[in-house]
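Inside the fold
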Amino acid sequence: MGAIQLDEVSKSYSGDNGSPPALSQLSLTVEAGQALALLGANGAGKSTVVHILATLSRPDSGRATIAGFDTVKQASRVRTRIGVALQDVGVYGAGRVRQVLRHHARLFGLDRSAAARRGDEVIELAGLTQVVGKRVHRLSGGTRRRLDLGLALLHQPPVLLLDEPTSSLDPFSRRDFWEELGRLRDAGTCILFASQSLEETEQLADRVTVLVGGVIWRDDISVAEVREAWSGDASDH
Amino acid sequence: MPATTETSPLLVPEVHPPPWIVQVGLLTRRVAIEAFRNPVLILNLLLALLFLVVYDGTVGGVSLLVSFAGGNYYNFILPAAILAASVGGGAAGLLLVSDIQSGYLSRQLTMPIRRSALVASLVLTAAVQVVLQATVVVLFGIALGADPETGLPGVLCVLGLAFVWGLGFAAYSVAVAVFSRDMQATAAANLIFIPLIFLSPLLVPYEYLKPWMQTAADLNPARYVTEGMRSLLIEGWDGQMLVDALLASLAFAVAMGALAIVTIRFRSLGVEG
């Protein structure tokens, strides 16, 4: 059993009459301590995979599990084991940075002092020390993304699900996060991230899967092979 | 790669989510930070105060109405302004749509938070908001000349009724928000307060309504809440009126709460569980 497992998962969106399914009989396993990059063009099904694993969406057929727990039937157990950063930054605007981190830490069950401690650690980790007292809606897009990623790491989850995690970050922040995510991966955290960036994939992934039209086009492909394929006839992919 | 084992942190999570009531408390605090920074709060309050002043200015000189109000029309019209303030309960739906559109709801849905705690925090904050607005309306009414017959205990009962009514209005707006996921549709749906308060004996006593209007008022929970509040402000303690008002506002809150739950199940806020 993998840390993440998808068994013949299919998904279509209602209203997409005549459109191909977002995912079609997709099977995939990611082990603990592994970082898997899901690559693919827009509409390939990457975000759908992340949404199903994050318990935001249910598959039409097939089964998805995190640590053996079904993402539909055991969603609440799955949610204690995942850290998520979706494409849209999910942070409420009126809160101040330190307040937001402590609030989320409390929701993950930390008591007041532990939440304060962990919040400060993440402030350091995410490079937010200059903006701790600022309200979120006053932060730049990149800083908000750093906070969003910080929230995903806050409760030290064994599984991280990230959708284009560092695309809006400046090069320095991006490098810092890659280093941190690499450390977490080496410590046993399972990471699945959707990406369109070969640089991000090269830095972080130890396995690459390419999706095309909701099915796996190639699994365990090297970044060099992807680069070669993408620089060729893009219409093939 | 290391495989998942019995001792893996995957199987023994460090995360132990707090009890439901603590979740509601934490979430309510967060919602309150958003809600009380919203200028719409002030606009709702001004609307309610306008009700008070305009209706007194318009029909407060009609001697028949003033006689029904025990000589003080502000006592008679105060429930209208309080129910108008209950539109503030619609803030629950608007906040939810804002969370949906900003992506924050998605983050919350991936966390070990109970759906019911999320909804309860929105509804509770909005109902508290209604009570605060109603308090300002009552104080403003007293400053203008209202003289509640039952004194402070009666005013507290009026605010209690406003709270339960506010719960219902907030749950209704959450249902609309989940169904439409659209800010304009949710804001427009809050206009339901217009038929609710005008198809009731809000401006004149029930006996003076036309028969069709009386039938509409009989079916309208706002009638009983209005009359309950009015009895406290004008006549004194009337057990039957109070029970009717409490039952009507509770029935409204329960019905709208059920509507919100059905809508959430129908339109799915992520995977439940």
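All values reported here derive from a predicted model rather than from experimental measurement.

**Let's talk about the overall build of chain A**
Regarding its fold elements, chain A presents 8 helices and 10 strands. A compact globule built from 237 residues should have a C-alpha radius of gyration of about 18 Å, and chain A, at 18 Å, falls within 12% of that. The principal-axis extents of the C-alpha atoms in chain A amount to approximately 50 × 40 × 35 Å. Taking all contacts inside chain A whose residues are at least 6 apart in sequence as the whole, residues at least 24 apart take part in 67%.

**Examining the domain arrangement of chain A**
Accessible area lost upon the coming together of the parts is a frequently used measure of interface size. Residues and elements named next belong to chain A. Here chain A is described as being made up of domain 1 (4–81 + 158–236) and domain 2 (92–156). Listed as interface residues are 10 residues of domain 1 and, on the opposing side, 8 residues of domain 2. Every element with two or more residues in the side of domain 1 that touches domain 2 is listed here: β7 (159–163) and α6 (171–186). The greatest single-element share of the side of domain 1 that touches domain 2, amounting to 4 residues, is contributed by α6.

**Here we look at helix α5 (residues 91–102) of chain B**
Residue and element names in this part refer to chain B. When the terminal C-alpha atoms of α5 are compared, their 16 Å separation across 12 residues agrees well with the 16 Å that a helix rising 1.5 Å per residue should span. Those residues of α5 that fall on the buried side of the exposure criterion are Ala 91, Ala 92, Gly 93, Leu 94, Leu 95, Leu 96, Val 97 and Asp 99. Where α5 is buried, its residues touch α1 (20–35), α2 (40–59), α6 (104–109), α7 (115–144), α8 (151–180) and α9 (183–189). Looking one or two residues past α5, Gly 103 carries a phi angle of roughly 90 degrees, positive in sign.

**Side note on the interface of chain A and chain B**
The interface of chain A with chain B comprises 42 residues on the first partner and 33 residues on the second. The set of elements that each furnish at least two residues to the side of chain A that touches chain B consists of α2 (75–79), β6 (82–85) and α3 (97–107) of chain A. Grouping the constituent residues of the side of chain A that touches chain B by class yields 20 nonpolar, 15 polar and 7 charged.

**Some points on the environment of Leu 199 of chain B**
Residues and elements named next belong to chain B. Mapping Leu 199 onto the fold places it in the loop between α10 (193–198) and α11 (211–219). For Leu 199, a count of 19 C-beta atoms within 10 Å translates into the label partly exposed. Sequence separation between Leu 199 and Pro 211 is 12 residues, and the spatial gap between their C-alpha atoms is 12 Å. Look past the residues within four positions of Leu 199 in its chain and what remains in contact with it is Met 213, Ala 216, Ala 217 and Asn 220.

**Comments concerning the sheet that holds strand β8 (residues 190–195) of chain A**
All names here are of chain A. In space, the 6 strands of this open sheet follow the order β6-β7-β8-β3-β9-β10, with mixed pairing throughout. Each edge of the sheet is formed by a strand with only one pairing partner; in this case those strands are β6 and β10 (215–219). Strand-to-strand, the axes of this sheet are offset by a mean angle of 20 degrees, without reference to chain direction. Direction of pairing for strand β3 (residues 35–39) relative to strand β9 (residues 207–212): parallel, over a ladder of 4 bridges. Bridging from a neighbouring strand, Leu 39 pairs with Val 210 of β9.

**Let's talk about the nonpolar core**
Membership of the largest hydrophobic core comes to 158 residues, with the highest contact counts inside it found for Ala 81, Leu 122, Val 123 and Val 174 of chain B. Considering every element that reaches this core, the biggest residue donor is α8 of chain B, with 17 residues. Shared between two domains, this core holds at least three residues of each, these being domain 1 (4–81 + 158–236) and domain 2 (92–156) of chain A. For Val 123 of chain B, the contacting residues outside a window of four places in its chain are Ala 92, Leu 167, Ala 170, Ala 171 and Val 174 of chain B.

**Describing the pairing of strand β1 (residues 4–11) of chain A**
Residues and elements named next belong to chain A. Note: β1 against strand β2 (residues 23–30), 5 bridges, orientation antiparallel. Looking at β2, one finds that Lys 11 is bridged to Leu 23. Where β1 and strand β4 (residues 61–66) come together, 5 bridges link them in antiparallel fashion. When the sheet's bridge partners are listed, Leu 6 is paired in β4 with Ala 64.

**Description of the packing of helix α4 (residues 73–85) of chain B against α7 of chain B**
Residue and element names in this part refer to chain B. The N-to-C vectors of α4 and α7 enclose an angle of 155 degrees; their axes lie 9 Å apart at closest approach. The pairing of α4 with α7 is recorded here as roughly antiparallel in orientation. Where α4 crosses over α7, the handedness of that crossing is right-handed. Here Tyr 74, Leu 78, Ala 81, Ile 82 and Ala 85 of α4 come into contact with α7, specifically with Val 130, Gln 133, Ala 134, Val 137, Val 138, Gly 141 and Leu 144. Looking at the contact of α4 with α7, its residues break down into 10 nonpolar, 2 polar and no charged.

**So, the pairing of β3 of chain A**
All names here are of chain A. Of all 5 residues that make up β3, 5 are buried, and the element is covered over most of its length. Residue alternation in β3 divides its side chains into two sets, Ala 35, Ala 37 and Leu 39 and Leu 36 and Leu 38, and both sets are buried. Bridge analysis of β3 against β8 gives 5 bridges, and the strand direction is parallel. If you follow Ala 35 over to β8, its bridge partner there is Ile 191.

**Quick word on the sheet that holds β4 of chain A**
Where strands meet in a sheet, backbone hydrogen bonds hold them as pairs that are either parallel or antiparallel. All names here are of chain A. Strand order in the open sheet formed by 4 strands is β2-β1-β4-β5, with antiparallel pairing between adjacent strands. Two strands bound the open sheet, and with one partner strand each, they are β2 and β5 (69–70). Examined bridge by bridge, β4 and β5 share 2 bridges and lie antiparallel to one another. Within β5, the residue paired with Thr 65 across the bridge is Asp 70.

Definitions and limits used
Residues numbered from 1 in each chain as written. Chains lettered and ligands numbered in written order. Predicted model: local features only at pLDDT ≥ 70, side-chain atom pairs only at ≥ 80, totals over all residues. Helix = DSSP H or I, 4+ residues; strand = E, 2+ residues; numbered from the N terminus. Rg over C-alpha atoms; globule rule 2.2 N^0.38 Å. Contact = placed C-beta atoms within 7 Å. Domains from an automatic or database assignment. Expected span 1.5 Å × (residues − 1). Buried ≥ 20, exposed ≤ 12 C-beta atoms within 10 Å, placed from the backbone. Nonpolar A, V, L, I, M, F, W, Y, C, P; charged D, E, K, R; others polar. Pairing = 2+ DSSP bridges. Axes fitted to C-alpha atoms, helices over the stretch in contact; angles between N-to-C directions. Core = buried A, V, L, I, M, F, W, Y, C linked by C-beta atoms within 7 Å. Parallel < 35°, antiparallel > 145°, perpendicular 65-115°, else oblique. Left-handed = near helix turned anticlockwise from the far one by under 90°.

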